[in-house]
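Chain and residue survey
Next come the chains, spelled out residue by residue.
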Amino acid sequence: MRKILNKKFFNRSTVVVAKDLLGKFLVRNIGDKEIAEMIIETEAYDGYKDEASHASKGRTKRTEVMFGDPGNFYIYLCYGMYWMLNIVTREHGYPAAVLIRGIHGANGPGKLTKFLNINNKLNNKHAIKRNGLWFEDRGIKIPDRNIKKTPRIGVVYAGPIWSAKKWRFIINQ
DNA sequence: ACGATGATGAAC
DNA sequence: TTCATCATCGTA
């Protein structure tokens, strides 16, 4: 079974999408090369009230993408060196996204974008084959008992309420 | 424990 | 136009 995840999949609760992405495949196509790896770690960033989310600054040139269509990529540079790959969730006009933090063979959001050759050229592009980067359901279902929830990484600046939210999801090895 | 490295947003 | 900050990672 190979089903490409569509707009409908991403137009749902951000936390649910983040959890559901575990076990799905991130597929990268460049030329005649195709890499497909299972997603093992994600984080949810939901709404303008979430102080950990860039969208808490409101609509800016950068955050505009998060207000866009579900299934679009939100990609930005972090610490001057690493591209972060996010996928926009919820309906158009509501700012939310899921950060892809780990795939099989590349743990860490900066490492996986380097591994898959992802940069801001894909920012605000839709996750479809035509753009060379998309998501597939290959029939793997991760049972709840194998999913670990923890607070998000590197967001202490967001204050006690938002930094404590257990919106990071990892497959228990 | 820390430095690399540059875009971003807010203050001035 | 400056300035602090940062959804990280490799080296130590």
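Residues numbered from 1 in each chain as written. Chains lettered and ligands numbered in written order. Predicted model: local features only at pLDDT ≥ 70, side-chain atom pairs only at ≥ 80, totals over all residues. Heavy atoms only, no water.

Turning our attention to the protein's contact with DNA strand C. Taken together, 20 residues sit near DNA strand C, with Tyr76, Tyr82, Asn86, Gly110 and Tyr157 positioned nearest. Gly108 places a main-chain nitrogen or oxygen 3.4 Å from a phosphate oxygen of DNA strand C. Measuring from a phosphate oxygen of DNA strand C, one finds a backbone N or O atom of Lys111 at 3.2 Å. For the surface near DNA strand C, the secondary-structure elements that each account for two or more residues are β4 (73-78), β5 (82-88), β6 (96-103) and α3 (109-115). Considering only residue class, the surface near DNA strand C consists of 13 nonpolar, five polar and two charged. (Near = heavy atom within 4 Å. Polar contact = N/O pair within 3.5 Å; in protein donor to acceptor, adjacent residues only side chain to side chain. Helix = DSSP H or I, 4+ residues; strand = E, 2+ residues; numbered from the N terminus. Nonpolar A, V, L, I, M, F, W, Y, C, P; charged D, E, K, R; others polar.)

Let us look at the nonpolar core. Among the nonpolar cores identified, the biggest contains 49 residues, and Leu21, Leu26, Leu85, Ile100 and Phe135 are the most heavily contacted of them. In contact with Phe135, not counting residues within four places along its chain, are Lys3, Ile4, Leu5, Phe10, Leu21, Phe25, Leu26, Ile39, Phe73, Ile87, Ile100 and Ala127. (Core = buried A, V, L, I, M, F, W, Y, C linked by side-chain atoms within 4.5 Å. Buried < 20%, exposed > 50% of the residue type's maximum accessible area, 1.4 Å probe, protein only. Contact = heavy atoms within 4.5 Å.)

Moving on, we come to the environment of Leu26. Along the chain, the position of Leu26 falls in strand β2 (residues 25-30). Apart from the residues lying within four places of it in its own chain, the contact partners of Leu26 are Ile35, Ala36, Glu37, Ile39, Leu85, Ile103, Leu112, Leu116, Leu133, Trp134 and Phe135.

Moving on to the environment of Arg145. You can see Arg145 is positioned in the loop between β8 (133-137) and β9 (147-150). Taking C-alpha positions, Arg145 is 9.4 Å from Ile171, a pair spaced 26 residues apart along the chain.

Aromatic rings in a pair are described by how distant their centres are and how their planes are angled relative to each other. In this structure the tally under the stated criterion is five aromatic pairs. Judged by centre distance (6.2 Å) and plane angle (65°), the ring pair of Trp162 and Trp167 falls under edge-to-face. Comparing Trp162 with Trp167, the two get one shared label, buried. Feature note: the residues Phe9, Phe10, Phe73 and Phe135 constitute an aromatic cluster, connected by ring pairs. Directly above the aromatic system of Tyr76 lies the positively charged group of Arg62, at a separation of 5.6 Å from the ring centroid. Here Lys165 stacks its cationic end above the ring of Trp162, 5.2 Å away from the centre of that ring. (Phe/Tyr/Trp six-rings, centres within 6.5 Å; stacked < 30°, edge-to-face > 60°. Lys NZ or Arg CZ within 6 Å of the ring centre and 35° of its normal.)

These figures capture arrangement, not role.
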